[in-house]
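Structural overview
Residue strings, one per chain:
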Amino acid sequence: YEQDGYVVLEDFLRGPECDELVEAGLELTKQAAEMDPKPVFSTVDPEIAQHKDAYFMESNDNISYFFEADAVDSDGKLKVDPSISLNKVGHALHLQHPIFRCYTYSERVKRVCRELGLVDPAVVQSMYIYKNPGIGGEVIPHQDITYLHTEPIPPVGFWIALQDVTVQNGCLWISPGSHKSGIHRRLIRNPDKDSKQALIYDRPAPVYPQSSFTAVPVPKGTCILLHGNVVHKSAQNKSDKSRHAYTFHAIEKHQNTYSPDNWLQEGPNAPFVNIYTTSQLM
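What you see is a predicted model, and the numbers here were worked out from it, not measured in a lab.

**A few points about the overall build of the protein**
- In terms of regular secondary structure, the protein is built from five helices and 16 strands.
- For 282 residues, the compact-globule formula gives about 19 Å, and the C-alpha radius of gyration of the protein, at 18 Å, lands near that figure.
- With respect to the principal axes defined by its C-alpha atoms, the protein has extents near 50 × 50 × 45 Å.
- Put simply, the protein has 282 residues, and 53% of those count as buried.
- Sequence separation of 24 or more characterises 83% of the internal contacts of the protein that already satisfy a separation of 6 or more.
- Surface summary for the protein: the accessible area is close to 12,600 Å², and the carbon and sulfur share equals 51%.
- Charged side chains in the protein number 26 positive and 35 negative. The centres of these two groups are separated by 2 Å.

**Observations regarding empty space enclosed by the protein**
- Enumeration over the complete set of coordinates arrives at one cavity of 30 Å³ or more.
- Looking at the largest cavity, its volume works out to about 40 Å³.
- Grouping the amino acids of the lining of the largest cavity by side-chain chemistry returns eight nonpolar, no polar and no charged.

**Focus on the packing of aromatic side chains**
- With the rule as written, the count across this model stands at 11 aromatic pairs.
- Ring geometry for F100 versus Y246: centroids 5.0 Å apart, planes at 45°, classification tilted. Linking F100 in helix α4 (residues 98-104) with Y246 in strand β15 (residues 245-252), this pair joins segments that are 146 residues apart in sequence.
- A ring pair is formed by Y208 and F213, whose centres lie 6.3 Å apart and whose planes are at 90°; its orientation type is edge-to-face.

**Some words on the sheet that holds strand β9 (residues 172-174)**
- Ordered by their spatial adjacency, four strands build an open sheet running β6-β14-β9-β12, and the pairing between neighbours is antiparallel. The open sheet is flanked by β6 (139-142) and β12 (214-216), the only strands paired with a single partner. On average, each strand axis in the sheet is inclined to that of its neighbour by 25°, with strand direction left out of account.
- In the sheet, β6 pairs with strand β14 (residues 232-234) via two bridges, with the strands oriented antiparallel. Within the sheet, the bridge partner assigned to V139 lies in β14 and is S234.

The rules we used
- Residues numbered from 1 in each chain as written.
- Predicted model: local features only at pLDDT ≥ 70, side-chain atom pairs only at ≥ 80, totals over all residues.
- Heavy atoms only, no water.
- Helix = DSSP H or I, 4+ residues; strand = E, 2+ residues; numbered from the N terminus.
- Rg over C-alpha atoms; globule rule 2.2 N^0.38 Å.
- Buried < 20%, exposed > 50% of the residue type's maximum accessible area, 1.4 Å probe, protein only.
- Contact = heavy atoms within 4.5 Å.
- Areas by Shrake-Rupley, 256 points an atom, 1.4 Å probe, with all protein chains shown as cover.
- Lys, Arg positive; Asp, Glu negative; His and termini not counted.
- Charge placed at Lys NZ, Arg CZ, Asp CG, Glu CD.
- 1 Å grid on protein atoms, 1.4 Å probe; cavity = no way out; pocket = protein on both sides within 12 Å on 5 of 7 lines; lining within 4 Å.
- Points joined across faces, edges and corners; volume = space filled by probe spheres on them.
- Nonpolar A, V, L, I, M, F, W, Y, C, P; charged D, E, K, R; others polar.
- Phe/Tyr/Trp six-rings, centres within 6.5 Å; stacked < 30°, edge-to-face > 60°.
- Pairing = 2+ DSSP bridges.
- Axes fitted to C-alpha atoms, helices over the stretch in contact; angles between N-to-C directions.

Structural measurements only, silent on function.
Structural data, given as structure tokens:
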């Protein structure tokens with residue numbers, strides 16, 4: 001983790017546990033199908049970028065649904081089956097959904113936090129990511145600290161494969177050692193209160209050579225721990241199989257500052273509570 005910026009923890013979840021989470025993720029798609037209009041999530045197209053939508057800003061302490069751009073037509077109607085229409089669901093599954101809460105505050109997560117030396121760790125956001133075949137789009141190269149800035153201790157990402165992850169279906173690509181090169185870019189709340197753009201980047205997007213990335217295909221049940229500063233991305237799902245994953249981010253609250261200009265802030269339904277002392281039950 002300290003050397004490369006990530007570590008692969010095999011068998012973090014058992015097969016039946018992954019299946020339970022996938023079933024919960026598919027149940028969420030049924031609820032999302034009834035939404036109108038259908039908010040689209042994109043990290044590529046500036047015209048539909050999520051930070052231009054108030055819906056995204058208000059997803060900090062509830063369960064919100066974000067659709068793939070290719071799944072929704074110009075009238076806001078689904079072009080595909082609801083089960084493969086979502087890009088992700090976020091950002092408070094860890095507290096607001098009983099099944100995801102149970103796994104987020106499990107003893108195995110607490111043990112990892114202890115081994116990392118975290119004194120007062122708290123989960124600040126969680127996401128169920130679908131990466132469906134044919135329409136599961138790419139995720140641009142980024143550092144998690146771009147969106148969840150903390151100082152001096154960076155956040156930690158838990159990325160859990162709920163299905164087998166391959167190069168073909170959109171595995172993570174990670175740039176080993178890139179966490180040692182500082183913070184490359186930040187997304188912050190726009191200080192111009194008169195602007196229609198709620199969030200802005202503080203500098204242009206960096207360009208990373210493809211040769212700096214290593215593919216990290218992993219079997220179902222694997223957890224990839226990501227240092228908040230490590231650069232990572234994923235490609236499109238070009239297979240005929242989905243690539244579901246559950247991911248959440250933890251921060252250290254002890255002698256550490258969570259930036260007030262981060263897009264995500266604590267809400268009444270999802271405060272930043274201590275992982276060690278929070279119950280798995282709602």
